[in-house]
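Tertiary structure, described
The residues making up each chain are set out below.
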Amino acid sequence: MTNAPAAPIRVMLVDDHALVRSAIRQALEGPEVEVVAEAGDATDAIDGAIRTRPDVLLLDIDLPGMSGLAVLAELAPRLPATRIVMLTVSGAERDLYEAIARGAAGYLTKDLRPDALHRAVHAVCAGELAMSRRFAALAVAHFRSEEHTSELQSRGLISYAV
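Summary of the structure given here.

Reading the values: the criteria
Residues numbered from 1 in each chain as written. Predicted model: local features only at pLDDT ≥ 70, side-chain atom pairs only at ≥ 80, totals over all residues. Heavy atoms only, no water. Buried < 20%, exposed > 50% of the residue type's maximum accessible area, 1.4 Å probe, protein only. Helix = DSSP H or I, 4+ residues; strand = E, 2+ residues; numbered from the N terminus. Right-handed = clockwise from strand over helix to strand, strands pointing away. Pairing = 2+ DSSP bridges. Contact = heavy atoms within 4.5 Å. Axes fitted to C-alpha atoms, helices over the stretch in contact; angles between N-to-C directions. Core = buried A, V, L, I, M, F, W, Y, C linked by side-chain atoms within 4.5 Å. Salt bridge = Lys/Arg side-chain N within 4 Å of Asp/Glu carboxyl O. Expected span 1.5 Å × (residues − 1). Arc of directions from axis to C-beta.

Description of the pairing of strand S1 (residues 9-14)
Burial within S1 is extensive, with five of its six residues counted as buried. For the handedness criterion, the β-α-β arrangement of S1, helix H1 (residues 18-28) and strand S2 (residues 33-39) is classed as right-handed. Judged from the four bridges that link them, S1 and strand S3 (residues 56-59) form a sheet pairing that is parallel. Each bridged residue has a counterpart across the sheet, and for Leu13 the counterpart in S3 is Leu58.

What to know about the sheet that holds S3
Strand-to-strand pairing in sheets goes through backbone hydrogen bonds, with the strands running parallel or antiparallel. One open sheet holds the six strands; their spatial order is S2-S1-S3-S4-S5-S6, and the pairing between them is parallel. The strands lining the two open edges of the sheet, one partner per strand, are S2 and strand S6 (130-131). Relative to strand S5 (residues 106-109), strand S4 (residues 83-88) is paired through four bridges, and the arrangement is parallel. The residue bridging Met86 from the neighbouring strand is Tyr107, located in S5. Along the sheet face, helix H5 (residues 114-125) touches S1, S2, S3, S4, S5 and S6 and points at about 130° away from the line of S3.

Notes on the nonpolar core
Membership of the largest hydrophobic core comes to 26 residues, with the highest contact counts inside it found for Val14, Leu57, Leu59, Val71, Leu72, Leu75 and Met86. Of all the elements in the fold, those that place two or more residues in this core are S1, S2, helix H2 (42-52), S3, helix H3 (68-78), S4, helix H4 (93-101) and helix H6 (133-143). In this structure Met86 touches Leu59, Asp60, Ile61, Gly68, Leu69, Leu72, Ala99, Ala104, Gly106, Tyr107 and Leu108, once residues within four positions along its chain are discounted. The next biggest cluster of nonpolar side chains, apart from the first, holds 18 residues, and it includes Ile24, Leu28, Val56 and Val85.

Re the environment of His17
Following the sequence through the fold, His17 ends up in the loop between S1 and H1. By relative accessible area, His17 is classed as partly exposed at 45%.

Here we look at the pattern of salt bridges
One pass over the full model with this rule turns up nine salt bridges. The salt bridge involving Arg21 is made with Glu38; its shortest N-O contact spans 3.0 Å. Note that Arg21 is positioned in helix H1 and Glu38 in strand S2, a separation of 17 residues in sequence. With relative accessibility at 33%, the residue Glu38 sits in the partly exposed group. Measuring nitrogen to oxygen at the nearest pair gives 3.0 Å for the salt bridge that ties Asp115 to Arg113. Classification of Arg113 as exposed rests on a relative accessible area of 58%. Look at the salt bridges and you will find they share partners, linking Arg21, Arg25, Glu29 and Glu38 into a network.

Brief notes about H5
Residues spaced three or four apart along an α-helix point in a common direction, a consequence of the helix completing one turn every 3.6 residues. Over its 12 residues, H5 extends 17 Å from the first C-alpha to the last, a length consistent with the 16 Å expected when each residue adds 1.5 Å. Within the sequence span of H5, burial applies to Leu117, Ala120, Val121, Ala123 and Val124. Angular distribution of buried residues about the axis of H5 spans 165°; they occupy a single face of the element. On the buried face of H5, the contacting elements are S1, H1, S3, S4, S5 and S6. Looking at the residues trailing H5, positive phi occurs at Gly127, about 90°.

Below, the structure written as C-alpha coordinates:
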(Lines give C-alpha, C1' and ligand atoms only; values in the text may rest on other atoms or scores of the structure.)
Protein backbone atom coordinates (compact mmCIF):
# COMPACT_ATOMS: atom_id res chain seq x y z
CA MET A 1 0.00 0.00 0.00
CA THR A 2 1.40 3.38 -0.98
CA ASN A 3 0.58 6.68 0.59
CA ALA A 4 -0.34 9.16 -2.10
CA PRO A 5 0.95 12.66 -1.46
CA ALA A 6 -1.67 15.04 -0.16
CA ALA A 7 -3.12 17.38 -2.73
CA PRO A 8 -1.78 20.91 -2.43
CA ILE A 9 -3.91 23.57 -0.76
CA ARG A 10 -5.53 25.62 -3.52
CA VAL A 11 -5.29 29.35 -2.79
CA MET A 12 -6.73 32.43 -4.49
CA LEU A 13 -5.13 35.85 -3.94
CA VAL A 14 -7.20 39.04 -4.04
CA ASP A 15 -5.39 42.35 -3.75
CA ASP A 16 -5.49 45.44 -5.94
CA HIS A 17 -1.67 45.66 -6.00
CA ALA A 18 0.02 43.26 -8.43
CA LEU A 19 3.31 43.55 -6.55
CA VAL A 20 1.64 42.44 -3.31
CA ARG A 21 0.00 39.47 -5.05
CA SER A 22 3.37 38.50 -6.52
CA ALA A 23 5.06 38.64 -3.12
CA ILE A 24 2.30 36.58 -1.50
CA ARG A 25 2.48 34.03 -4.32
CA GLN A 26 6.24 33.76 -3.89
CA ALA A 27 5.86 33.32 -0.11
CA LEU A 28 3.23 30.59 -0.40
CA GLU A 29 3.82 28.49 -3.51
CA GLY A 30 5.49 25.16 -3.13
CA PRO A 31 4.60 21.48 -3.00
CA GLU A 32 1.96 22.05 -0.31
CA VAL A 33 0.33 25.22 -1.68
CA GLU A 34 -0.79 26.09 -5.20
CA VAL A 35 -2.02 29.56 -6.14
CA VAL A 36 -4.87 28.79 -8.52
CA ALA A 37 -6.19 32.30 -9.18
CA GLU A 38 -5.55 35.99 -8.60
CA ALA A 39 -7.77 39.04 -8.80
CA GLY A 40 -7.16 42.75 -8.52
CA ASP A 41 -10.74 43.94 -7.99
CA ALA A 42 -14.01 42.82 -6.45
CA THR A 43 -15.72 41.69 -9.65
CA ASP A 44 -12.80 39.51 -10.72
CA ALA A 45 -12.54 38.18 -7.16
CA ILE A 46 -16.14 36.98 -7.12
CA ASP A 47 -15.98 35.53 -10.63
CA GLY A 48 -12.61 33.85 -10.03
CA ALA A 49 -13.59 32.35 -6.69
CA ILE A 50 -16.82 30.91 -8.08
CA ARG A 51 -14.97 29.52 -11.11
CA THR A 52 -11.98 28.00 -9.24
CA ARG A 53 -13.51 27.21 -5.82
CA PRO A 54 -10.23 27.55 -3.90
CA ASP A 55 -9.63 25.95 -0.52
CA VAL A 56 -8.43 29.31 0.84
CA LEU A 57 -9.09 32.82 -0.41
CA LEU A 58 -6.77 35.58 0.86
CA LEU A 59 -8.79 38.78 0.53
CA ASP A 60 -7.79 42.41 0.95
CA ILE A 61 -10.35 44.84 2.37
CA ASP A 62 -9.57 47.84 0.16
CA LEU A 63 -10.52 46.88 -3.39
CA PRO A 64 -11.76 48.80 -6.43
CA GLY A 65 -15.44 48.26 -7.10
CA MET A 66 -16.56 47.22 -3.64
CA SER A 67 -14.89 46.47 -0.36
CA GLY A 68 -13.37 43.12 0.45
CA LEU A 69 -15.90 42.89 3.28
CA ALA A 70 -18.71 43.07 0.71
CA VAL A 71 -16.93 40.41 -1.36
CA LEU A 72 -16.72 38.27 1.78
CA ALA A 73 -20.46 38.69 2.39
CA GLU A 74 -21.15 37.67 -1.22
CA LEU A 75 -18.85 34.65 -1.30
CA ALA A 76 -19.08 33.11 2.18
CA PRO A 77 -22.61 31.72 1.72
CA ARG A 78 -21.98 30.71 -1.90
CA LEU A 79 -18.68 28.92 -1.23
CA PRO A 80 -19.01 27.37 2.24
CA ALA A 81 -16.04 25.05 1.70
CA THR A 82 -13.71 27.97 0.90
CA ARG A 83 -11.97 29.42 3.94
CA ILE A 84 -11.81 33.19 3.44
CA VAL A 85 -9.07 35.04 5.28
CA MET A 86 -8.85 38.82 5.30
CA LEU A 87 -5.26 39.89 4.54
CA THR A 88 -5.13 43.63 4.96
CA VAL A 89 -3.31 46.67 6.29
CA SER A 90 -6.39 47.60 8.30
CA GLY A 91 -6.08 47.24 12.04
CA ALA A 92 -9.50 48.84 12.56
CA GLU A 93 -11.58 46.97 15.11
CA ARG A 94 -14.80 47.55 13.15
CA ASP A 95 -13.25 45.80 10.11
CA LEU A 96 -12.23 42.85 12.29
CA TYR A 97 -15.70 42.50 13.84
CA GLU A 98 -17.45 42.86 10.49
CA ALA A 99 -15.17 40.27 8.89
CA ILE A 100 -15.87 37.76 11.65
CA ALA A 101 -19.61 38.46 11.52
CA ARG A 102 -19.62 37.92 7.74
CA GLY A 103 -17.86 34.56 8.02
CA ALA A 104 -14.12 35.18 7.70
CA ALA A 105 -11.92 32.27 8.79
CA GLY A 106 -9.17 34.69 9.71
CA TYR A 107 -7.99 38.27 9.89
CA LEU A 108 -4.32 38.95 9.23
CA THR A 109 -2.34 42.09 8.58
CA LYS A 110 0.18 42.34 5.79
CA ASP A 111 3.05 42.95 8.18
CA LEU A 112 3.25 39.27 9.13
CA ARG A 113 6.19 37.12 8.14
CA PRO A 114 5.93 34.78 5.15
CA ASP A 115 6.29 31.68 7.35
CA ALA A 116 3.40 32.91 9.53
CA LEU A 117 1.22 33.34 6.44
CA HIS A 118 2.11 29.82 5.33
CA ARG A 119 1.15 28.44 8.77
CA ALA A 120 -2.11 30.44 8.71
CA VAL A 121 -3.13 28.93 5.36
CA HIS A 122 -2.54 25.45 6.76
CA ALA A 123 -4.38 26.32 9.99
CA VAL A 124 -7.55 27.51 8.28
CA CYS A 125 -7.57 24.37 6.13
CA ALA A 126 -7.53 22.39 9.38
CA GLY A 127 -10.60 24.29 10.57
CA GLU A 128 -8.80 26.78 12.81
CA LEU A 129 -9.13 30.55 12.84
CA ALA A 130 -6.13 32.57 11.73
CA MET A 131 -5.53 35.83 13.53
CA SER A 132 -2.89 37.49 15.63
CA ARG A 133 -3.14 37.33 19.39
CA ARG A 134 -4.03 41.02 19.44
CA PHE A 135 -6.99 40.51 17.09
CA ALA A 136 -8.07 37.37 18.94
CA ALA A 137 -8.10 39.31 22.23
CA LEU A 138 -10.14 42.12 20.64
CA ALA A 139 -12.64 39.62 19.21
CA VAL A 140 -13.08 37.86 22.55
CA ALA A 141 -13.51 41.17 24.38
CA HIS A 142 -16.11 42.25 21.83
CA PHE A 143 -17.96 38.94 22.10
CA ARG A 144 -17.96 39.19 25.89
CA SER A 145 -19.29 42.75 25.86
CA GLU A 146 -22.50 43.31 27.76
CA GLU A 147 -24.45 43.98 24.56
CA HIS A 148 -23.47 40.70 22.94
CA THR A 149 -23.82 38.70 26.15
CA SER A 150 -27.38 40.02 26.57
CA GLU A 151 -28.20 39.12 22.97
CA LEU A 152 -26.87 35.58 23.40
CA GLN A 153 -28.82 35.16 26.63
CA SER A 154 -32.03 36.37 25.00
CA ARG A 155 -31.54 33.84 22.20
CA GLY A 156 -30.95 31.05 24.73
CA LEU A 157 -27.43 30.42 23.52
CA ILE A 158 -25.87 30.97 26.93
CA SER A 159 -27.45 30.71 30.36
CA TYR A 160 -25.21 33.10 32.27
CA ALA A 161 -23.10 36.16 31.68
CA VAL A 162 -19.32 35.92 31.79
